[in-house]
Amino acid sequence: MLHRRRFLQLGSLGLSSFSFKGFAASSPAARKPIVISTWKDGINANKLAWEILRKGGTALDAVEKGVMNTEDSLNCCVGLGANPDRDGRVTLDASIMDANGNCGSVAFLERIKHPISVARRVMEKTPHVMLVGEGAQRFAVQQGFRLEPAKLSRDAEKSYRNWLKKSEYKPVVNIENSKSTAMLAAPTRLENGSWNHDTIGMVAMDAAGNLSGSCTTSGMAFKMRGRVGDSPIIGAGLFVDNEIGAATATGQGEDVIRICGSHLVVELMRQGLSPENACKTAVERIIKIKGSKAKDIQVGFIAINKQGEYGGYCIQQGFDFAVCYADDKNFMVEGKYLL
Ligand code: ASP
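Residues numbered from 1 in each chain as written. Predicted model: local features only at pLDDT ≥ 70, side-chain atom pairs only at ≥ 80, totals over all residues. Heavy atoms only, no water.

Colleague: Can you tell me about the pairing of strand β6 (residues 211-217), naming the residues and giving the values?
Modeller: Counting buried positions along β6 yields seven of seven residues, so the element is predominantly enclosed. Across the two faces of β6 the burial is the same, with L211, G213, C215 and T217 and S212, S214 and T216 all buried. One ladder, built from five bridges, connects strand β2 (residues 92-97) with β6; its direction is antiparallel. The residue bridging A94 from the neighbouring strand is T216, located in β6. Bridge count between strand β5 (residues 199-205) and β6: seven bridges; the pairing is antiparallel. Directly across from G201, in β6, lies its bridge partner C215. Linking β5 to β6, which pair antiparallel, is a turn of five residues; within it G209 sits at a positive phi near 85°. (Buried < 20%, exposed > 50% of the residue type's maximum accessible area, 1.4 Å probe, protein only. Helix = DSSP H or I, 4+ residues; strand = E, 2+ residues; numbered from the N terminus. Pairing = 2+ DSSP bridges.)

Printed below as a string of structure tokens:
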């Protein structure tokens with residue numbers, strides 16, 4: 001009450017903005033820099049991003065370099081070492097967005113090691129936001145990216161062969177109209193309780209307080225050829241608003257696209273929700289749409305706001321994310337879940 005009266009008094013003297021700044025100064029300082037990313041691979045990706053952030057580098061550089069590390073790994077489900085589509089070919093999707101609302105993405109891209117860097121070139125060197133397929137590949141090569149051999153990694157070859165055995169089942173015919181499409185494409189729970197996944201999403205705020213985000217994936221394993229998920233779609237797999245916060249998604253992309261997931265999370269933060277509650281509300285919306293089928297899928301969101309608060313939420317137990325905001329603070333957080 002006293003504050004309010006004082007504020008009104010100062011306001012009547014034309015000093016309300018001075019008074020407002022005074023209050024803001026007493027609020028806790030934003031935690032920055034900070035970087036968070038999906039799944040356990042996020043720990044290594046955060047390390048590389050942190051190297052850039054701790055030296056005062058930009059969030060944009062950090063989120064690109066961070067996820068490149070994951071794209072490089074042949075033992076991971078992201079990048080060229082990942083599981084192929086049902087025709088045995090690895091197709092990659094990626095998106096990137098900066099503090100000024102600039103964004104770029106690639107989808108259905110083959111034989112290029114770092115789709116995230118191609119997405120950044122789309123953002124910086126073209127008048128477009130998204131390039132797909134052959135056009136994206138041609139652009140990448142023109143930009144100096146090497147065309148890698150069209151060859152599956154050993155693990156991917158093995159799992160593809162296994163999948164082919166099962167694909168002898170009838171549902172493969174007209175699979176696009178079959179319920180089994182979802183089953184084949186859905187992330188599966190591993191014996192250790194975690195989920196098989198194919199994506200890394202990362203959002204960061206740099207020392208200057210600017211936000212950026214990146215998301216890169218091979219999409220769902222054994223997807224139909226040509227299938228593109230949420231990850232390269234700005235607003236679905238990734239969204240950044242430098243006034244509010246940034247969010248990214250992982251899991252069954254079709255259901256993230258349905259609710260414009262990452263954009264929704266940022267808009268919910270704009271309405272005053274914490275990152276965690278914004279992610280939770282987005283997950284609730286998916287569950288409402290999916291009804292009893294929600295138990296068959298996994299979707300996870302993570303988000304940060306301008307205060308450097310972070311949070312994540314998912315449908316089912318088993319999703320986790322990595323958080324880093326100091327040299328000795330790079331740790332996993334278990335995503336809270338609703339089912
Ligand atoms: N969201 C990705 C997609 O649907 C997959 C994943 O996160 O595992 O393509």
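Now that the structure has been shown, the text picks up again.
Colleague: Describe in detail the packing of helix α3 (residues 42-54) against helix α4 (residues 59-72), supporting the description with residues and values.
Modeller: Packing of α3 against α4 brings their axes to within 7 Å, and their N-to-C directions diverge by 150°. In terms of orientation, α3 lies roughly antiparallel with respect to α4. Here the hand of the crossing between α3 and α4 comes out right-handed. Seen from α3, the contacting residues are N44, A45, L48, A49, I52 and L53; seen from α4, they are A59, D61, A62, K65, G66, N69 and T70. Its residues assigned to classes, the contact of α3 with α4 shows seven nonpolar, four polar and two charged. (Axes fitted to C-alpha atoms, helices over the stretch in contact; angles between N-to-C directions. Parallel < 35°, antiparallel > 145°, perpendicular 65-115°, else oblique. Left-handed = near helix turned anticlockwise from the far one by under 90°. Contact = heavy atoms within 4.5 Å. Nonpolar A, V, L, I, M, F, W, Y, C, P; charged D, E, K, R; others polar.)

Colleague: Describe the packing of aromatic side chains, listing the residues and the values that go with them.
Modeller: Applying the stated criterion across every chain yields a total of six aromatic pairs. Taking 5.0 Å as the distance between ring centres and 85° as the angle between the ring planes, the aromatic pair formed by W39 and F319 counts as edge-to-face. Linking W39 in the loop between β1 (34-38) and α3 with F319 in the loop between β10 (310-314) and β11 (320-326), this pair joins segments that are 280 residues apart in sequence. Take W39 and F319: they sit in the same class, and that class is buried. An aromatic cluster is built from W39, F319 and F321, whose rings are joined through pairwise contacts. For the cation-ring pair, R31 lies above Y325, with the distance from its terminal atom to the ring centre recorded as 4.1 Å. (Phe/Tyr/Trp six-rings, centres within 6.5 Å; stacked < 30°, edge-to-face > 60°. Lys NZ or Arg CZ within 6 Å of the ring centre and 35° of its normal.)

Colleague: Residue-level account of the site of the ligand, with values.
Modeller: Of all residues adjacent to the ligand, which total 13 residues, the nearest are T199, R227, D230, T250 and G251. A distance of 2.7 Å is found between an oxygen atom of the ligand and a side-chain nitrogen or oxygen belonging to R227. Residue G251 places a main-chain N or O atom 2.7 Å away from a nitrogen atom belonging to the ligand. Its free accessible area being 270 Å², the ligand has 99% of it covered by the protein chains. (Near = heavy atom within 4 Å. Polar contact = N/O pair within 3.5 Å; in protein donor to acceptor, adjacent residues only side chain to side chain. Areas by Shrake-Rupley, 256 points an atom, 1.4 Å probe, with all protein chains shown as cover.)

Colleague: Account for the side chain of S218, with residues named and values stated.
Modeller: Among the structural elements, S218 can be located in the loop between β6 and β7 (238-241). On the basis of relative accessible area, S218 is assigned to the buried category, the value being 1%. Dropping the residues within four chain positions of it, S218 is found in contact with C77, G79, A82, N83, T91, L92, D198 and K223.

Colleague: An account of the pattern of salt bridges is requested, with residue identities and associated values reported.
Modeller: Counted by the stated rule, this structure contains 21 salt bridges. Between R120 and D61 there is a salt bridge, and its shortest N-O distance comes to 2.7 Å. Residue R120 is found in helix α5 (residues 115-125), and its partner D61 is found in helix α4; the two are separated by 59 residues along the sequence. Judged by its relative accessible area of 27%, D61 falls in the partly exposed class. Ionic pairing is found between K290 and D255, a salt bridge with its closest N-O pair at 3.2 Å. On the criterion of sequence distance, the pair formed by K290 in helix α11 (residues 275-290) and D255 in helix α9 (residues 253-258) is long-range, its members being 35 residues apart. Judged on exposure class, the residue K290 and its partner D255 are both buried. (Salt bridge = Lys/Arg side-chain N within 4 Å of Asp/Glu carboxyl O.)

Colleague: For helix α6 (residues 133-142), give the residues involved together with the corresponding values.
Modeller: Within the sequence span of α6, burial applies to G133, A136, Q137, F139 and A140. Each buried residue of α6 sits inside an arc of 160° when the element is viewed along its axis, so together they form one side. In α6, those exposed residues whose orientation departs by more than 90 degrees from the buried face are E134 and Q142. Those residues of α6 that are buried lie in contact with β3 (103-109), α5 and β4 (130-132). Where α6 ends, the next residue or the one after it, G144, has phi of about 95°, a positive value. (Arc of directions from axis to C-beta.)

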